[in-house]
Amino acid sequence: MAILIKNGTLVTAAEQYQADLLIDGERITAQGSGLPVSADTQILNAAGKYVLPGGVDAHVHLDLPMFGTVSSDDHYTGTKAAAFGGTTTVIDFVSHDQRPLTACIEDLMEKAGPKAAVDFGFHMNITHWDDQVAKELPGLLSNGISSIKVFSAYNGRLRLQDGEIFQVLRKAGENGILTMLHAENGDVIDLLTSEIKAQGHTQPIWHARSHPNWGAVEAVLRGAALAAQAKAPLYIVHMNVAGEVDQLTYAREHGIKVLGETCPQYLFFSEEDLERPDGAKWVCSPPMRKKVDNARLWQGVMNGEIQVVATDHCPFFYDGTKPILFEGKPVAIPGKELGAGDFTKIPNGLPGVGDRLPILWTYGVGQGKISPSRFVDLCSTTPARIFGLYPRKGCLSPGSDADIVIWDPECQVKYGVQTAQHRTDYNLYEGWALQGMPETVFLRGKIIVQHNQWLGKPGMGKFLSRDPFSYQN
Ligand code: URP
Ligand code: ZN
Ligand code: ZN
């Protein structure tokens, strides 16, 4: 049965205009006015509402083992939360171990496939480099993976050396694969961490103090310079420092193909939050910075220096000894309390996949910082383009997947853990007054959220085989 969304204001990355949208099966089939309908066409009146392409969150971690526990949203609970927040595509990361890349991919596919409730793709982490990995890398494309992540931090676990990052960039670039960089200085972090621990410091704020901002700044420039020498594109994940934006812009002005992502937490929070008694809630890597960094990141989001807002969603319970009710059942998963006496043992990561659109709408669009089109661009269209999903995702044109959000700009909520649907016991935006929320969310033509009611199911999300990197900026 076809569905006609009538009288809404369509928002694309370029413009907004009044038009109706026709959905047939999984796809958008027409856009315009006076569209032909049959007797059984279901009509939804979107008068006074915006009609947006579903959000694309290019950076989530679901069911990720860390520090003897696991991030508390799996591929069902995390994608359900995504849907409630208007996001219909997420891209998770495959952990890399000593086995062939395909075996690592299969593991994540086994976890995600039966559970995902929105569409999903994978990035491949590359955390060691040798001839075998080099040989396997081009084969990622035939597994539907066109992006990889490398780390200049997490020594002895995930980090690659600069020469290795250069080789990864070159091999990936030659094969239409985008390299993403976690940009920090692993050597300095390790040294400072052991000094700080020896001085007896235990509190969450020391997580930030052991990860200096200049390490991120120089790692962004280093990454960009390696990308230039490898003649390959680079995407900087979770930018949190003002100087990173400066380096990104410097590199881009010099013709280097480098792209940048930030996340809402880095726009709104600072080290002051880590100093609160419950500061562990804000512990993630890279850490919260200063208000001046928030302001510079906002500037980059507003003026186009930063291309993408993703979330780095990787939640843990604040107190994993106390169960919460999820879909009527008690759940408790060890979390931030593991680091009560030692900041280095606090699982790194935050909830956010469901918060991104509502928070950015109120505090970005609502406060006049960004237009509805820029909102769509940052949160849906540009991530779809960069990660080889456009125009299937991030687009409202005929032929695109009918991943659509009917957005109610008048809906007011007092936001928090009860509204957000993440499987965790806290929300960073607790008590914030929001205006503008998803009213109806479609995944490939099926309504999965309507007026706060969940109509989705585990396993209805499809794996997205992504195109090679071709983004022109
Ligand atoms: O603290 C975070 N963000 N954990 C996830 C891992 C990463 O580096 O993105
Ligand atoms: Zn990272
Ligand atoms: Zn991450």
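Before any of the text, the structure's been laid out above.
Worth saying up front: this structure is predicted, and the values here are computed from it rather than measured. The residue numbers shown here count from 1 along each chain, following its written sequence. For this description, chains carry letters from A and ligands carry numbers from 1, given in the order in which they are written. Where local features are concerned, this predicted model is filtered to residues with pLDDT of at least 70; where side-chain atom pairs are given and counted, the filter is 80 or more; whole-chain, interface and lining totals use all residues. Values reported for side chains reflect all heavy atoms of the structure, with hydrogen atoms and water molecules removed beforehand.

> I'd love a proper account of the coordination of the zinc ion (ligand 2), names of residues and values included.
Only nitrogen, oxygen and sulfur atoms count as donors, using a 2.8 Å cut-off from the metal that widens to 3.2 Å for Na, K and Ca. Water is left out, so coordination shells may look unfilled. Within the protein, the zinc ion (ligand 2) binds to K149 (NZ), H182 (ND1) and H238 (NE2); these donor distances fall in the range 2.1 to 2.2 Å. Between consecutive donors of the zinc ion (ligand 2), the numbers of intervening residues give the motif K-x32-H-x55-H. Separating the zinc ion (ligand 2) from the zinc ion (ligand 3) is a gap of 3.9 Å. Of this pair, H182 sits in strand 14 (residues 178–182) while H238 is found in strand 15 (residues 234–239), placing the two residues 56 residues apart along the sequence. For the pair formed by H182 and H238, the shared burial category is buried. Under the DSSP-based scheme used, a helix requires at least four consecutive residues in state H or I and a strand at least two consecutive residues in state E, with every element numbered from the N terminus. Burial here depends on accessible area, computed with a 1.4 Å probe over protein chains only, as a share of the maximum for the residue type. Under 20% is buried, over 50% is exposed, and the range in between is partly exposed.

> Pulling in residues and values, what's your account of the packing of aromatic side chains?
For this analysis, a ring pair means two rings from Phe, Tyr or Trp (six-membered ring only for Trp) whose centres lie within 6.5 Å, classed as stacked if their planes differ by under 30 degrees, edge-to-face if by over 60, and tilted for the remaining angles. Counted under the stated rule, the structure contains 21 aromatic pairs. Geometrically, the ring pair formed by Y76 and W454 is tilted, given 6.4 Å between the ring centres and 55° between the ring planes. Placement of Y76 in the loop between strand 10 (69–70) and helix 1 (77–84) and of W454 in strand 23 (residues 453–454) is noted, with a sequence separation of 378 residues between them. The interplanar angle of 70° and the centroid separation of 6.4 Å between the aromatic rings of Y318 and Y426 together place this pair among those described as edge-to-face. Here Y426 lies in the loop between strand 20 (404–414) and strand 21 (433–443) and Y318 lies in the loop between strand 17 (308–309) and strand 18 (324–326), a separation of 108 residues in the sequence. Ring-pair connections join several aromatic residues into one group, and the members of that group are F268, F269, W282, W298, Y363, Y429 and W432. Taking the ring centre of W206 as reference, the NZ or CZ of R209 above it sits at 4.6 Å. Over a ring means this: the NZ of a Lys or the CZ of an Arg is within 6 Å of the ring centre and within 35 degrees of the ring normal. The lysine or arginine in question, K369, covers the ring of W298, its NZ or CZ lying 4.8 Å from the ring centre.

> Explain the coordination of the zinc ion (ligand 3) residue by residue, including any values.
Around the zinc ion (ligand 3), the donor atoms from the protein are H59 (NE2), H61 (NE2) and D312 (OD), and they sit 2.0 to 2.1 Å away. In these descriptions, tetrahedral denotes four donors with every angle between 85 and 135 degrees, square planar four donors and octahedral six donors with opposite donors over 155 degrees apart and the rest between 65 and 115, and irregular any other case. Its 4 donor atoms give the zinc ion (ligand 3) angles of 87 to 136° at the centre, a pattern that matches the irregular case. All donor residues of the zinc ion (ligand 3) come from one chain, and their arrangement in sequence is H-x1-H-x250-D.

> Got a sec to walk through the layout of surface pockets? Specific residues and values, please.
Of the grid points, spaced at 1 Å and generated over the protein atoms alone, those admitting a 1.4 Å probe that cannot get out make up cavities, while open sets with protein on both sides within 12 Å along at least five of seven lines make up pockets; any residue with an atom within 4 Å of a point is treated as lining. Grid points are joined across faces, edges and corners, and a volume is the space filled by probe spheres set on the points. Size it by volume and the largest pocket reaches roughly 470 Å³. In terms of lining residues, the largest pocket is bounded by 23 residues, among which L64, P65, M66, R157 and L158 are the most central. Mapped onto the lining of the largest pocket, the elements with two or more residues apiece are strand 9 (65–66) and strand 13 (147–151). Residues are grouped as follows: nonpolar covers Ala, Val, Leu, Ile, Met, Phe, Trp, Tyr, Cys and Pro; charged covers Asp, Glu, Lys and Arg; every other residue, Gly included, is treated as polar. Residues belonging to the lining of the largest pocket are distributed by class as follows: 10 nonpolar, 10 polar and 3 charged.

> Help me get a handle on unusual backbone geometry, residues and values and all.
Residue P286 is reached from S285 by a cis peptide bond, and omega for that bond is -5°. Inspection of the secondary structure assignment puts P286 in the loop between helix 10 (271–274) and helix 11 (291–303). Despite not being glycine, F67 has its phi angle at roughly 50°, a positive value. Tracing the backbone shows F67 in the loop between strand 9 and strand 10.

> Pulling in residues and values, what's your account of the side chain of T79?
Looking at the secondary structure, you find T79 in helix 1. A relative accessible area of 1% means that T79 is categorised as buried. Here a polar contact means two N or O atoms within 3.5 Å. Within protein one must be a hydrogen donor candidate and the other an acceptor candidate, and residues neighboring in sequence count only if both atoms are side-chain atoms. A distance of 2.8 Å separates a polar side-chain atom of T79 from the backbone nitrogen of A117.

> Break down the pairing of strand 4 (residues 20–24) for me, citing the residues and quoting the values.
Look at any regular strand and the pattern is simple: side chains alternate between the two faces of the sheet. Taking burial as the measure, the 5 residues of strand 4 include 4 buried ones, the bulk of the element. Think of it this way: DSSP has to see at least two bridges between two strands before they count as a pair. As judged from the 3 bridges shared by strand 1 (residues 3–6) and strand 4, these two strands associate in the antiparallel manner. Residue pairing across strands places I3 opposite I23, the latter belonging to strand 4. In the sheet, strand 4 pairs with strand 5 (residues 27–32) via 5 bridges, with the strands oriented antiparallel. Bridged to D24 within strand 5 is R27. The antiparallel hairpin formed by strand 4 and strand 5 contains 2 residues in its connecting segment, where G25 sits at a positive phi of about 65°.

> I'd like to hear about the site of ligand 1, residue by residue, with values.
Taken together, H59, H61, K149, F151, Y154, H182, H238, C284, S285, D312, N348 and G349 make up the full set of residues near ligand 1. In the environment of ligand 1, an oxygen atom lies 3.2 Å from a nitrogen or oxygen atom belonging to the side chain of H61. At 3.3 Å from an oxygen atom of ligand 1 is found a side-chain nitrogen or oxygen belonging to Y154. In isolation ligand 1 has 270 Å² of accessible area, and contact with the protein removes 95% of it. Cavity membership is defined here by more than half of the atoms lying within 2 Å of grid points; on that basis ligand 1 lies in the largest pocket. Of the residues in the shell around ligand 1, the class split is 3 nonpolar, 7 polar and 2 charged. To be near a molecule or strand, a residue needs just one of its heavy atoms within 4 Å of it. All accessible areas in this document rest on Shrake-Rupley with a 1.4 Å probe, and a residue is counted as covered only by the protein chains that are shown. Placement in a cavity or pocket follows one criterion, namely that more than half of the molecule's atoms lie within 2 Å of its grid points.

> Requested: an account of helix 2 (residues 101–112), with residues and values cited.
Taking 1.5 Å as the rise per residue, helix 2 with 12 residues should run 16 Å; its terminal C-alpha atoms sit 17 Å apart, in good agreement. Taken together, the buried positions of helix 2 are occupied by L101, A103, C104, I105, L108 and A112. Packing partners of the buried residues in helix 2 comprise strand 11 (87–94), strand 12 (119–125) and helix 3 (131–136). To estimate the expected span of a helix, subtract one from its residue number and multiply by 1.5 Å. In this description, contact between two residues means that some pair of their heavy atoms is separated by no more than 4.5 Å.

> Can you tell me about the packing of helix 4 (residues 162–174) against helix 7 (residues 213–230), naming the residues and giving the values?
The angle between two axes is taken between their N-to-C directions and runs from 0 to 180 degrees, where each axis is a line fitted to C-alpha atoms and a helix contributes only its stretch in contact. The N-to-C vectors of helix 4 and helix 7 enclose an angle of 50°; their axes lie 9 Å apart at closest approach. Between helix 4 and helix 7, the angle is such that the two are oblique. Considering the relative orientation of helix 4 and helix 7, their crossing is right-handed. From helix 4, D162, I165, F166, L169 and R170 reach across to helix 7, where they touch R222, G223, L226, A227, Q229 and A230. Considered class by class, the residues forming the contact of helix 4 with helix 7 number 6 nonpolar, 2 polar and 3 charged. By the definition adopted for this analysis, an angle is roughly parallel if under 35 degrees, roughly antiparallel if over 145, roughly perpendicular if from 65 to 115, and oblique otherwise. Helix crossings get a hand from a simple test, with the near helix turned counterclockwise from the far one by less than a right angle marking a left-handed crossing and a clockwise turn marking a right-handed one.

> I'd love a proper account of helix 12 (residues 356–365), names of residues and values included.
Counting buried positions over the 10 residues of helix 12 gives 10, a clear majority of the element. Those residues of helix 12 lying buried are R356, L357, P358, I359, L360, W361, T362, Y363, G364 and V365.

> Explain the sheet that holds strand 4 to me, and be specific about the residues and the numbers.
Pairing within the open sheet is mixed, and its 4 strands lie in the order 5-4-1-6. A single partner strand is all that each edge strand has here, and the edge strands are strand 5 and strand 6 (42–45). Each adjacent strand pair in this sheet contributes to an overall mean axis angle of 20°, direction not counted.

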